[in-house]
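So the chains spell out like this:
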Amino acid sequence: MILNKICDLRENPKPLEMANLPDPVPRDNEIIIKVSACGVCHTELDEIEGRTPPPRFPIVLGHEVVGRVEEMGCKANKFRVGDRVGIGWIHSVCGGCGFCLGGNENLCENFKATGRDANGGYAEYASVSEDFAFKIPALFSDSEAAPLLCAGAIGYRSLRLTDIEDGQNLGLTGFGASAHLVIKMTRQKYPKSKVFVFARSEGERSFAKELGAVWAGDTEKESPEKLDCIIDTTPVWKPVIEALKNLKNGGRLVINAIRKEGVDKKYLLKLDYPTHLWLEKEIKSVANVARRDISEFLELAAEIPLIPEVQEFELEEANRALVELQDRKIRGEKVLRIDL
Ligand SMILES: [Zn+2]
Ligand SMILES: [Zn+2]
């Protein structure tokens, strides 16, 4: 399924077209994957509508790719033909800059994304350097594994960036899909840590407690204990400002959001330096994922175990899946099944 140009999904509900492309041929260190499942992510909507536009067309979207190694380049030796592997958003990087050498290759100036800068998984075959493919733990079906390659791995990175140690207090602002994942990961990886949740609705707060939060309160509330770190999973500013007062000296708040909405931008004027930032409190954002995040998260997800609810579509139904995602018709993570 290829995208030929940027368009408005409301005006054109069928932006992707079925097409026959030549089978990819592996370069030296590449593998060819026979794709069996590919998750449908919000980022595809951003690509189609031009908020994160592909640099060339046509392009095959999809960056939650699961399949089996079909063919290997002459220098590829990490996997064997038939191995089940996945590809996430990170498709390639320069490999030589400070970010790449330091393990933060997600920040590389030459970062190339799967399904935007290189063809992705809305297809029967995908190619990738073997260094950017990940072994999928046996526990998951192909469809279940696909969504783990994106949102969960980013949640994992945001948890990692807090620098939390077991026993330290973690705060979460907002309690949607991303926070659900983070609380489950925290309970598994940092069992002595207490989790405090700030959420607007009573439903979210009681669900947070069901999932193991020791306390849940409204956005402006003061938590009963000071927090070593906080992860903000909301698209707005109020929760960030309100949460900062709960941080311990030297604490860190990590914003896990690709972009913030402008609706409550004036809330930032409430930032009070002594209350919110003085004494070495910091705010940090998280930008997609490095390879380490995907591989460590897949292992952790298998340990927990964290098994996504999925709704499957045939590859030909990709347009319908995208429109339903935009209309928020969500019954589990949407996954395209290829070659059923
Ligand atoms: Zn994604
Ligand atoms: Zn680099």
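Our structure's up above, just so we're on the same page.
Described in the following lines is the structure provided in the data block.

About the cut-offs
- Residues numbered from 1 in each chain as written.
- Chains lettered and ligands numbered in written order.
- Predicted model: local features only at pLDDT ≥ 70, side-chain atom pairs only at ≥ 80, totals over all residues.
- Heavy atoms only, no water.
- Helix = DSSP H or I, 4+ residues; strand = E, 2+ residues; numbered from the N terminus.
- Rg over C-alpha atoms; globule rule 2.2 N^0.38 Å.
- Buried < 20%, exposed > 50% of the residue type's maximum accessible area, 1.4 Å probe, protein only.
- Contact = heavy atoms within 4.5 Å.
- Areas by Shrake-Rupley, 256 points an atom, 1.4 Å probe, with all protein chains shown as cover.
- Polar contact = N/O pair within 3.5 Å; in protein donor to acceptor, adjacent residues only side chain to side chain.
- 1 Å grid on protein atoms, 1.4 Å probe; cavity = no way out; pocket = protein on both sides within 12 Å on 5 of 7 lines; lining within 4 Å.
- Points joined across faces, edges and corners; volume = space filled by probe spheres on them.
- Nonpolar A, V, L, I, M, F, W, Y, C, P; charged D, E, K, R; others polar.

## Re the overall build of the chain
So, step 1. Along the chain, the regular secondary structure elements total nine helices and 17 strands.
So, step 2. Here the C-alpha radius of gyration of the chain, 20 Å, is about what a compact globule of 340 residues would show, namely 20 Å.
So, step 3. Split into buried and exposed, the 340 residues of the chain put 53% on the buried side.
So, step 4. Of the contacts formed within the chain by residues at least 6 apart in sequence, a portion of 73% connects residues at least 24 apart.
So, step 5. For the chain, the exposed area adds up to about 15,900 Å²; of that, 49% sits on carbon and sulfur atoms.

## Some remarks on the side chain of Asp 228
So, step 1. Tracing the chain through its elements places Asp 228 in strand S13 (residues 227-232).
So, step 2. By relative accessible area, which is 15% here, Asp 228 ends up buried.
So, step 3. In this structure the side chain of Asp 228 is engaged in a polar contact, spanning 2.7 Å, whose partner is the backbone nitrogen of Asn 169.
So, step 4. Here Asp 228 is in contact with Gln 168, Asn 169, Leu 247, Lys 248, Gly 251 and Arg 252, once residues within four sequence places are set aside.

## Remarks on the layout of surface pockets
So, step 1. In this structure, the second largest pocket occupies an estimated 940 Å³ of space.
So, step 2. The wall of the second largest pocket is formed by 38 residues, among which Pro 24, Asn 119, Tyr 125, Ala 126 and Ser 127 lie closest to the centre.
So, step 3. Elements supplying a minimum of two residues to the lining of the second largest pocket: strand S6 (90-92) and strand S8 (125-129).
So, step 4. Here the lining of the second largest pocket gets five residues from one element, more than from any other, and that element is S8.
So, step 5. The class makeup of the residues in the lining of the second largest pocket is 19 nonpolar, eight polar and eleven charged.

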